[in-house]
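Notes for the structure review
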Amino acid sequence: MKTEETYTDKELIEKVLNKETAIFELIIRRNNPYLYRIGRMYHFNHEDTQDLMQETYIEVYIHLHQFEGRSSFRAWISRIMIHKCYHETQKWYSKNMESLESNSQAIENLHNTETSSIVMNRELNSIIEKSLLKIPEEYRTAFTLREINGLSVQETAEILEIGESNVKVRVSRAKTYLRREIEKYYVKEEIFGFNLIYCDAMVSRVMNKIKDI
């Protein structure tokens, strides 16, 4: 008898498409850590990241039949999450840019906001997260997808719509930014960790939403 861990993404997708809706819970649990890191990478706080994750999962559920398998499922779902983060960021800037430009203190506070205390208090992880958030977005995105979420160079290139050589350059530059602060303390699995408590809550939120779809 197969366990949760032994199902491939393809098998889970086939079961959901065959009306075994409850199986979608396994897809959520399997991808929660990756989507959460993407949301935090874009400077969203814990609550806003969860909202974006929920929206992503609902879109994935609705359009699951469109997944063609030309890239990995993780790459496909990551691309959807990134697009949602990008559009939400653009909406925020459009709404708040005027007030930010007229209030330098607000800009300073935006960059100095403590983003890691909600999820974890360990000093090392806080240093890593703060360091990542200081990196230019294009380098941070490539680094998070490639080194933290474990996507291949090809998958990262497809998501970001750049060449594989550019992925390598961006990741290398990201590492250069980070090296001094974390070269002896790099624990990739714990960066922007998604606690099991939050995982259960996310499963409940999404499964309740898709009941009526």
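Residues numbered from 1 in each chain as written. Predicted model: local features only at pLDDT ≥ 70, side-chain atom pairs only at ≥ 80, totals over all residues. Heavy atoms only, no water.

Nonpolar side chains tend to gather and get buried jointly when the protein is soluble and globular. Grouped together as the largest cluster of nonpolar side chains are 54 residues, with contacts concentrated most on Phe-24, Ile-28, Ile-38, Tyr-57, Val-60 and Phe-73. Excluding anything up to four places from it in sequence, Val-60 contacts Phe-24, Phe-73, Trp-76, Ile-77 and Ile-80. (Core = buried A, V, L, I, M, F, W, Y, C linked by side-chain atoms within 4.5 Å. Buried < 20%, exposed > 50% of the residue type's maximum accessible area, 1.4 Å probe, protein only. Contact = heavy atoms within 4.5 Å.)

Two elements in contact, helix α1 (residues 9-17) and helix α2 (residues 24-41), have axes separated by 9 Å at closest approach and are oriented at 145°. The residues of α2 that touch α1, namely those facing Asp-9, Leu-12, Ile-13 and Val-16, are Phe-24, Leu-26, Ile-27 and Arg-30. A breakdown of the residues in the contact of α1 with α2 according to their chemical character gives 6 nonpolar, no polar and 2 charged. (Axes fitted to C-alpha atoms, helices over the stretch in contact; angles between N-to-C directions. Helix = DSSP H or I, 4+ residues; strand = E, 2+ residues; numbered from the N terminus. Nonpolar A, V, L, I, M, F, W, Y, C, P; charged D, E, K, R; others polar.)

Here the distance between the centres and the angle between the planes together describe a pair of aromatic rings. In total, this model carries 5 aromatic pairs according to the counting rule given. An angle of 35° between the planes, with centres 5.7 Å apart, marks the rings of Phe-73 and Trp-76 as tilted. One end of the pair, Phe-73, and the other, Trp-76, are both in helix α4 (residues 73-101), 3 residues apart, so they sit about a helical turn from each other. When sorted by exposure, Phe-73 lands in the same class as Trp-76, which is buried. Of the aromatic side chains, those joined through ring pairs into one cluster are Phe-67, Phe-73 and Trp-76. Over the face of the ring belonging to Tyr-34 we find Arg-74, whose NZ or CZ atom lies 4.0 Å from the ring centre. (Phe/Tyr/Trp six-rings, centres within 6.5 Å; stacked < 30°, edge-to-face > 60°. Lys NZ or Arg CZ within 6 Å of the ring centre and 35° of its normal.)

When pLDDT is averaged across the protein chain, the result is 79; 73% of the residues are at 70 or more. Note on residues 100-121: pLDDT is under 50 here. Beyond four places in sequence and across chains, it has 23 contacts. (pLDDT = per-residue confidence, 0-100.)

This brings us to α1. Within α1, burial applies to Leu-12, Ile-13 and Val-16. When α1 is viewed along its axis, its buried side chains cluster within an angular range of 100° and face the same direction. Once α1 ends, the next one or two residues include Lys-19, with phi positive near 75°. (Arc of directions from axis to C-beta.)

Note on placement: Arg-170 falls in helix α9 (residues 164-182). Placed 29 residues apart in sequence, Arg-170 and Thr-141 show a C-alpha to C-alpha distance of 8.8 Å. Look past the residues within four positions of Arg-170 in its chain and what remains in contact with it is Glu-138, Tyr-139, Ala-142, Leu-160 and Ile-162.

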